[in-house]
Amino acid sequence: MIAPEVDVRASTSSPSLFTAGLLTVGLLTVGLLSLGLLGCGDEPAGPDAAIALDAIALDASRDDASPGEDAPDAPPAPDASAPTDAGATRCLGGVDHVEGSDALDDPRGRASVTFEGDRDACRRTYVLATTAPRRDELPATPRRVAEAEEGSALRTGHDLFDALFALALDEAREDSVASIEDWGFDEGRPMTCPSGGCFETGRLWRYVWTRDTSYAVDLGLGALDPQRALNSMLFKLSERRGGGGEELVQDTGTGGSYPVSTDRVVWALGASALLPSLEGEARASFADRAYGALLRTTRRDRDVAFDEARGLYRGETSFLDWREQSYPASTADDTAAIAESEALSTNVLHLHALRLTARLARARGEAALASAVEAAADALVARIREVFWDDARGELRAFTPGELDRAAVTRVDLLGTSLAILEGVVTPEEGRRALSRYPHFERGAPVFAPEQQYTAIYHNRAEWPFVTAYELLAAREARAYEVMTHAARTLVRSAALSLSNLENFEVPSGLPYVEDGAYSGPVVNSQRQLWSVAGYLAFVTRGLFGVRPTDEGLELDPRVPVALYREHLDGASRLTLEAWPVRGTGGERRAVSVILEVPELAGATSGALVPSEVRVDGARVEGPIPWASLGAESRIEVTLRVSASEAGTMNVVDPSDWRAVYGPRTPAITALSVEGGHLRVGFDLGGESADDVRVSVYRDGARIASDLDGTSYLDASWDAGSARTPCYAIETCFVASGTCSQHSAPACFWGASLERATSYYPASFALAGGVLASDHGRPHVGSWGDPGHLLSITHTAAQSGEHLIQLVYGNGAGPVSTGITAVTKRVLVEDLGTGDVVASGVVVMPQLGDWDRWARSTFARATLEAGHSYRVTITSDDATVNMSSFEHFARYTAGTGGDAPFARVNVSELVVLAR
């Protein structure tokens, strides 16, 4: 348990598809795991453990060293075959030197740059130095960074700014490798990449992960090195072991991976960005494979993870995948609630996957299918807005907790918010409101808010540069220029002081490590983290210069916030991005040099510099620049003007007020009791003082009371004669700051004598497969779940209406934190009188870490009629497979599921609940 005597609150002041009948097809996943070493999405050993800096390599889920070895002090040699990041060098020069631009002073230390050789050389060699504390004292200071002779370069007149762009390119080259490895696969032996190499995920993460790679390719690596990006993306496709079409891989993760986590569709984000950078056969081949994999994946997700009644996809928040870091503490050991939850970010990624599938279908002439998928995407947009957009507060909520509590939590998620803005789920005005309201610290924006008390620093209390990069792009889209400037400032400061694009930082202090007892962290923090590297490149190329390849041509829309210009570039009359690659592979690569001509700013202090005229090789153009008009090297000149638009506002949190940083601890419902024909809800405030918090009560996903004090509430709107089972959850909010807790675990009133809950035990099961057993603490059906196994009961409904079906199960195939053997089964409900199948659903049984543990599955729904008898059957089908069924995981050596597909559980009870 986390030591209760250490109060994390004090630390903030320290410096420190879519239509019935679409068939499902095979899935896959790639990831990493071991019984102490986890996958990309998996967290390290956990906040319960004392974390020492020298133990990082052992605690990390994507380890670059075997147990007992130290992580290397320097990255491996980059792949010798790595292509340079552009075509022939363009030395444009003519950039004014900004005096005093060779250093950045900060309370954490000083970053500075000097030159090895001539500052005015066509390609420079920088010497970067810092006095700030660095994670693991790496990289060594000073650090030498040489611009590639045939590569890209930034020339703004600001020496440190230009050097940091060169640093990002250099770290992209360091992450360009000829082989990858992970302790969870092939027992750590290297795997050779195809010709052209792969991108590894970072210094501590030496593998290719779906999530990291896809976000990084979207942020810029698809343009920088399309062949390497292509190889990395294709590595995340797999057929089943027995053959069949490809699907996307869900990496190892929470509760045994898919479908507890369903954000493997993030792959579509990377694919969309990569396609415009490919030409000819390479593009056609990738488009074909992408279409097939996306079609099969979206069909399976529609069957397994999509809730038809809700109109949303279930599954964990994308990237925030360390349970109690961002979910209630109860999920540390039980992840079924996460599998039931609906996350903003993950639903936006499903939306993007649908849209890309539709575009690819339409390009192939499959108009009817494209229209069906587009309709599904449009419906999803409407539901995301309806459930997650809070117009009164001007924010997008992060997730809904689960089947019994569908009220969106009063919490925000920066990646989800940014993706929703970029995907057009909200209008630019709504996006500007959401970003302006989002809590920011002086040194960065947290990846979610409010923070969790008594929780280690990793996702909690942290800024992640790749998320900040997405915020910057979203702020650009929404014209929230103050937020865009803040994000840029964060990226510049963090890279300069660290001499690397790190994985994450403690957000109030901006430090790469803060000592805080049991909560110290970030628990793991890798140098040259791939998506952080790509995020910095995206800030410059997409954010400031507005360069973005599309299928139609090169989009060019520079946006330079006036405040950012005055802070870093004041005095420069032109900003130049030299030889940035935009399309093609190998010897056919194209590159553009973009020159931004800066006007006199006079007294302007807000708004942005925006384009007024664009010329390509001297010819004026409007709109996207057709590919046919670009040569192997083209010069694009953009005359900027000052936009008078307002910068917008920004919510800056004072970290000295811990109640503004953290939400209250999670409350709990302690009792439901009938009182005068109504229900009294008793609750515990989770350790917070009754004077400090006020309580909101939710029933069946709707708030029915707020601003309550005390420890109970009488629901006078419910009476004992009601035929419906009410389910309650509560939330507490600090009076002083308004920050709110996680929702309590839901509590339902199944009747005074539980008459609305009917349990069936093994003696009454009709079985095919499995064995009756009595070990592991209770009678059960053991070793059950292989293809062809069936379990059924007969149930006579006592009332009409919605019913929930749930299993009490054991799954010790792997730990709670990682793995590939979350078990999914089909629930079929047949009316014995008519022979009709009245319901078909899926239940998920995540890994529990120990076969002696028992837990409750997710729910399947059925509408039953009083007096009718039904056969409830639990079985497997083509859709209900886990990641162990895919060929990719035949290499998996860190736990169950590598040698052969594994989908067995023990079942001790089947419960039918009348709602």
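Everything below is about the structure shown above.
This section reports on the structure supplied with the text. (Residues numbered from 1 in each chain as written. Predicted model: local features only at pLDDT ≥ 70, side-chain atom pairs only at ≥ 80, totals over all residues. Heavy atoms only, no water.)

### Regarding the overall build of the protein
Then, in step 1: Secondary structure assignment for the protein yields 16 helices and 51 strands.
Then, in step 2: A buried classification covers 64% of the 915 residues belonging to the protein.
Then, in step 3: Surface exposure of the protein reaches about 29,300 Å², of which carbon and sulfur atoms provide 50%. (Helix = DSSP H or I, 4+ residues; strand = E, 2+ residues; numbered from the N terminus. Buried < 20%, exposed > 50% of the residue type's maximum accessible area, 1.4 Å probe, protein only. Areas by Shrake-Rupley, 256 points an atom, 1.4 Å probe, with all protein chains shown as cover.)

### Considerations on the sheet that holds strand E37 (residues 712–715)
Then, in step 1: Strand order in the open sheet made by the 3 strands is E33-E34-E37, with antiparallel pairing throughout. Looking at the sheet topology across the chains shown, the edges are occupied by strand E33 (668–675) and E37. Between one strand axis and the next, the sheet turns by 20° as a mean value, whatever way the strands run.
Then, in step 2: With 7 bridges connecting them, E33 and strand E34 (residues 678–684) associate as antiparallel partners. Residue pairing for E34: Ile669 is matched across the bridge by Phe683. (Pairing = 2+ DSSP bridges. Axes fitted to C-alpha atoms, helices over the stretch in contact; angles between N-to-C directions.)

### Re the sheet that holds strand E39 (residues 747–748)
Then, in step 1: Sheet architecture is open: 4 strands sit in the order E36-E35-E38-E39, paired in antiparallel fashion. Strands with a single pairing partner mark the edges of an open sheet, and in this sheet they are strand E36 (702–708) and E39.
Then, in step 2: Judged from the 4 bridges that link them, strand E35 (residues 693–699) and E36 form a sheet pairing that is antiparallel. Across the sheet, residue Tyr698 finds its bridge partner in E36, namely Arg703.

### Here's the deal with the pattern of salt bridges
Then, in step 1: In this structure the tally under the stated criterion is 74 salt bridges.
Then, in step 2: Two residues, Asp307 and Arg314, come together in a salt bridge whose shortest N-O distance is 3.7 Å. Taken individually, Asp307 and Arg314 each receive the classification buried, so the pair is uniform in this respect.
Then, in step 3: Glu506 is the partner of Arg461 in a salt bridge, and the nearest nitrogen-oxygen pair spans 2.9 Å. (Salt bridge = Lys/Arg side-chain N within 4 Å of Asp/Glu carboxyl O.)

### Brief notes about the environment of Gly255
Then, in step 1: The residue Gly255 is located in the loop between strand E11 (247–248) and helix H5 (267–274) in this model.
Then, in step 2: Residue Gly255 is classed as buried on the basis of its relative accessible area of 0%.
Then, in step 3: Taking C-alpha positions, Gly255 is 8.1 Å from Ala336, a pair spaced 81 residues apart along the chain.
Then, in step 4: With residues near it in sequence (within four places) discarded, Gly255 still touches Val260, Thr335, Val816, Ser817, Thr818, Ala822, Pro846 and Gln847. (Contact = heavy atoms within 4.5 Å.)

### Focus on the packing of aromatic side chains
Then, in step 1: Inspection of every chain in the model, using the stated rule, returns 27 aromatic pairs.
Then, in step 2: Measuring from centroid to centroid gives 5.0 Å for Phe319 and Trp464, while their planes differ by 70°, and the two rings are edge-to-face. Residue Phe319 is located in the loop between strand E13 (312–313) and helix H7 (336–340), and its partner Trp464 is located in the loop between strand E21 (462–463) and helix H12 (465–478); the two are separated by 145 residues in the primary sequence. Across the pair, Trp464 and Phe319 agree in class, each one buried.
Then, in step 3: Through successive ring pairs, a cluster of aromatic residues spans Tyr215, Phe319, Trp322, Tyr458, Trp464, Phe466, Tyr470 and Trp531.
Then, in step 4: Between the NZ or CZ atom of Lys825 and the centre of the ring of Trp784, over which it lies, the distance is 5.7 Å. (Phe/Tyr/Trp six-rings, centres within 6.5 Å; stacked < 30°, edge-to-face > 60°. Lys NZ or Arg CZ within 6 Å of the ring centre and 35° of its normal.)

### A word on the layout of surface pockets
Then, in step 1: The computed volume of the second largest pocket comes to approximately 1,100 Å³.
Then, in step 2: Taken together, 45 residues line the second largest pocket, and the ones lying closest to its centre are Ser272, His352, Arg359, Arg548 and Pro549.
Then, in step 3: At the level of secondary structure, the elements contributing two or more residues to the lining of the second largest pocket comprise helix H3 (210–224), H5, helix H6 (280–304), helix H8 (344–363), helix H10 (414–422), H12, helix H14 (530–544) and strand E23 (547–549).
Then, in step 4: By residue number, the principal contributor to the lining of the second largest pocket is H8, which donates 8 residues.
Then, in step 5: Counted by class, the lining of the second largest pocket contains 21 nonpolar, 8 polar and 16 charged residues. (1 Å grid on protein atoms, 1.4 Å probe; cavity = no way out; pocket = protein on both sides within 12 Å on 5 of 7 lines; lining within 4 Å. Points joined across faces, edges and corners; volume = space filled by probe spheres on them. Nonpolar A, V, L, I, M, F, W, Y, C, P; charged D, E, K, R; others polar.)

### Looking at the side chain of Arg134
Then, in step 1: Tracing the backbone through its elements, the reader meets Arg134 in the loop between strand E3 (125–130) and strand E4 (143–146).
Then, in step 2: For Arg134, the contacting residues outside a window of four places in its chain are Pro139, Ala140, Thr141, Leu497, Ser498, Leu499 and Pro512.

### Describing the state of the cysteines
Then, in step 1: This model, assessed by the stated rule, comprises 4 disulfides.
Then, in step 2: A disulfide bridge connects Cys91 with Cys122, and the sulfur atoms are separated by 1.4 Å. Looking along the S-S bond of the Cys91-Cys122 disulfide, the torsion reads about 90°, which is the right-handed sense. One end of the pair, Cys91, is in the loop between helix H1 (56–59) and strand E1 (103–106); the other, Cys122, is in the loop between strand E2 (109–115) and E3, with 31 residues separating them in the sequence.
Then, in step 3: By relative accessible area, which is 41% here, Cys91 ends up partly exposed.
Then, in step 4: Judged by its relative accessible area of 32%, Cys122 is partly exposed.
Then, in step 5: Each disulfide pairs two cysteine sulfurs, and for Cys727 the partner residue is Cys748, the sulfurs being separated by 2.0 Å. Here Cys727 and Cys748 share a disulfide; its torsion about the S-S bond, 110°, makes the bridge right-handed. On the criterion of sequence distance, the pair formed by Cys727 in strand E38 (residues 727–734) and Cys748 in strand E39 is long-range, its members being 21 residues apart. Cys748 carries the same exposure label as Cys727, and that label is buried. (Disulfide = S-S within 2.5 Å.)

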